[in-house]
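Inside the fold
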Amino acid sequence: MLYMILGTVGPDSSGRREAARPEHLSRLRGLQDEGRLVLAGPCPAVDSPDPGPAGYSASLIVAEFPSLAAAQAWISEDPYVQAAVLEDVVVRPFRQVLP
């Protein structure tokens, strides 16, 4: 089943984000290589594809996991969560309708 993972970006986390980003992306590529990743990316804090110093307000991942518990376990081990880049992480079942 698909699950939506939405995490709010914590305050003053840009330095931690840059340090954890390579490993975070590597984990996402692993999901992609397994054919389980639908989409992933950050939410700019301002209405611009390049938010510059405003940074990002959240991060969204939609991927396939065997269960809600498995999705929660996966994100709990993510470098962005471990480094407190993402806070208030919400994991919910997701049903893709389109495309």
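First things first, this report covers the structure right here in the doc. Given the structure is predicted, the values throughout are model-derived calculations rather than measurements.

**Some points on the overall build of the protein**
Regarding its fold elements, the protein presents three helices and four strands. When the helices and strands of the protein are read in sequence order from the N terminus, they spell out β-α-β-β-α-α-β. The globule rule puts the C-alpha radius of gyration for 99 residues at 13 Å, and the 13 Å found for the protein is close to it. Projected onto its principal axes, the C-alpha coordinates of the protein cover approximately 35 × 30 × 25 Å. Of all 99 residues assigned to the protein, the portion counted as buried reaches 31%. Residue pairs in contact within the protein that sit at least 24 positions apart in sequence constitute 73% of those at least 6 positions apart. Working note: accessible area of the protein is about 6000 Å², and carbon and sulfur atoms make up 54% of it.

**Quick look at the side chain of His24**
Assignment of secondary structure puts His24 in helix α1 (residues 14–33). Ignoring sequence-local partners within four residues, the contact set of His24 consists of Ile61, Asp78, Pro79 and Tyr80.

**Notes on the nonpolar core**
The biggest cluster of nonpolar side chains holds eleven residues, and these are Tyr3, Ile5, Leu28, Leu31, Ile61, Ala63, Phe65, Ala71, Trp74, Ile75 and Val91. Ranked by the residues each element gives to this core, the list is headed by helix α2 (residues 68–76), at three residues. Setting aside residues no more than four positions away along its own chain, Leu31 makes contact with Arg36, Leu37, Ala63, Phe65 and Trp74. Residues Val9, Ala20, Tyr80 and Val85 belong to the second largest nonpolar core, which totals five residues.

**So, the environment of His24**
Judged by relative accessible area, His24 falls into the buried class, the value being 4%. Sequence-wise, His24 and Tyr80 are 56 residues apart; in three dimensions their C-alpha atoms are separated by 6.5 Å. Within polar-contact distance, the side chain of His24 engages the side chain of Asp78 at 2.8 Å.

Definitions and limits used
Residues numbered from 1 in each chain as written. Predicted model: local features only at pLDDT ≥ 70, side-chain atom pairs only at ≥ 80, totals over all residues. Heavy atoms only, no water. Helix = DSSP H or I, 4+ residues; strand = E, 2+ residues; numbered from the N terminus. Rg over C-alpha atoms; globule rule 2.2 N^0.38 Å. Buried < 20%, exposed > 50% of the residue type's maximum accessible area, 1.4 Å probe, protein only. Contact = heavy atoms within 4.5 Å. Areas by Shrake-Rupley, 256 points an atom, 1.4 Å probe, with all protein chains shown as cover. Core = buried A, V, L, I, M, F, W, Y, C linked by side-chain atoms within 4.5 Å. Polar contact = N/O pair within 3.5 Å; in protein donor to acceptor, adjacent residues only side chain to side chain.

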